[in-house]
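# Structure at a glance
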Amino acid sequence: MARTLEWRLRLGLTEDDGTTRAEAVLDTGSAQLTGHGVARCNPQDVDVPVIGDELAASRAMKDVAAQLMKAADEELEIVGAGPASGPVAPPYAWSDTTA
């Protein structure tokens, strides 16, 4: 069975006084997931807005990805094909716990 889908992602960024906020909205046609991300420039660092944009956007999309994975895991469990058991892999790249 062949299928073709198009999901749309809208990403909005705002910056105010060294803090960049991002909102990512994924529209699948049957559901919408909204993720948020924040990046703050250290006052002692040079303010490079594109870096804040990239960090906040990636964190917002990571939030959406986690929600999407949770939904898939729940649906797998419903049909009797739950997520693989075993240890959880460590997170990829730098932690964003300070954001």
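Before reading on, note that the structure itself is shown above.
So, here is what we can say about the structure in this document. (Residues numbered from 1 in each chain as written. Predicted model: local features only at pLDDT ≥ 70, side-chain atom pairs only at ≥ 80, totals over all residues. Heavy atoms only, no water.)

### Observations regarding the layout of surface pockets
For the record, the criterion: Points on a 1 Å grid over protein atoms alone make up a cavity when a 1.4 Å probe fits among them but cannot get out, and a pocket when they form an open set with protein on both sides within 12 Å along at least five of seven lines; lining residues each have an atom within 4 Å of a point. Grid points are joined across faces, edges and corners, and a volume is the space filled by probe spheres set on the points. Helix and strand definitions here come from DSSP, where helices need a minimum of 4 consecutive H or I residues and strands a minimum of 2 consecutive E residues; each element is numbered from the N-terminal end. Three residue categories are used. Nonpolar comprises Ala, Val, Leu, Ile, Met, Phe, Trp, Tyr, Cys and Pro, charged comprises Asp, Glu, Lys and Arg, and polar comprises the others, including Gly.
Considered as a void within the structure, the largest pocket measures approximately 240 Å³ in volume. If you go around the largest pocket, you meet 15 residues; those closest to its centre are Arg 40, Cys 41, Val 48, Ile 51 and Gly 52. The greatest single-element share of the lining of the largest pocket, amounting to four residues, is contributed by helix H1 (residues 49-78). Partitioning the lining of the largest pocket into residue classes produces seven nonpolar, four polar and four charged. The space that makes up the second largest pocket amounts to roughly 150 Å³. The wall of the second largest pocket is formed by Trp 7, Thr 28, Ser 30, Ala 31, Leu 33, Leu 68, Ala 71, Ala 72 and Glu 75. If one sorts the elements of the lining of the second largest pocket by residue count, H1 sits on top with four residues.

### Quick look at the pattern of salt bridges
When charged atoms on two side chains of opposite charge get close, those side chains can pair. Applied cut-off: Salt bridges, as used here, are contacts in which a Lys or Arg side-chain nitrogen is within 4 Å of a carboxyl oxygen on Asp or Glu. Whether a residue is buried, partly exposed or exposed follows from its accessible area with a 1.4 Å probe, protein chains only, as a fraction of its type maximum: under 20%, in between, or over 50%, in that order.
Summed over all chains, the structure comprises two salt bridges. A salt bridge links Arg 8 to Glu 6; the shortest N-O distance between them is 3.0 Å. Judged by relative accessible area, which is 57%, Arg 8 ranks as exposed. Glu 74 is paired through a salt bridge with Lys 70; the nearest N and O atoms lie 3.6 Å apart. Taken together, the residues Glu 74 and Lys 70, both in helix H1 and four residues apart, mark about one turn of the helix.

### Comments concerning unusual backbone geometry
At Asp 17, a residue that is not glycine, the phi angle is positive and equals roughly 50°. Considering the arrangement of structural elements, one finds Asp 17 in the loop between strand E1 (8-16) and strand E2 (19-27).

### Looking at the pairing of E1
Side chains on a regular strand alternate between the two faces of the sheet. Put simply, the test is: Whether two strands pair comes down to DSSP finding at least two bridges between them.
Note that E1 and E2 share nine bridges and pair antiparallel. The residue of E2 that forms the bridge with Thr 14 is Arg 21. The antiparallel hairpin formed by E1 and E2 contains two residues in its connecting segment, where Asp 17 sits at a positive phi of about 50°.

### Quick notes on the side chain of Thr 20
We count it as follows: Contacts are assigned to residue pairs that have any heavy atoms within 4.5 Å of one another.
Mapping Thr 20 onto the fold places it in strand E2. Other than its neighbours up to four places away in sequence, Thr 20 contacts Leu 13, Thr 14, Glu 15, Gly 37, Val 38, Ala 39, Gly 52, Asp 53 and Ala 56.

### What to know about the nonpolar core
Convention followed: The set of buried Ala, Val, Leu, Ile, Met, Phe, Trp, Tyr and Cys residues whose side-chain atoms join them within 4.5 Å is what this entry labels a nonpolar core.
If you look at the biggest cluster of nonpolar residues, it comprises eight residues: Ala 22, Ala 24, Leu 26, Leu 33, Ala 39, Ala 56, Ala 60 and Val 64. Of all elements in the fold, only E2, strand E3 (32-40) and H1 reach the threshold of two or more residues within this core.

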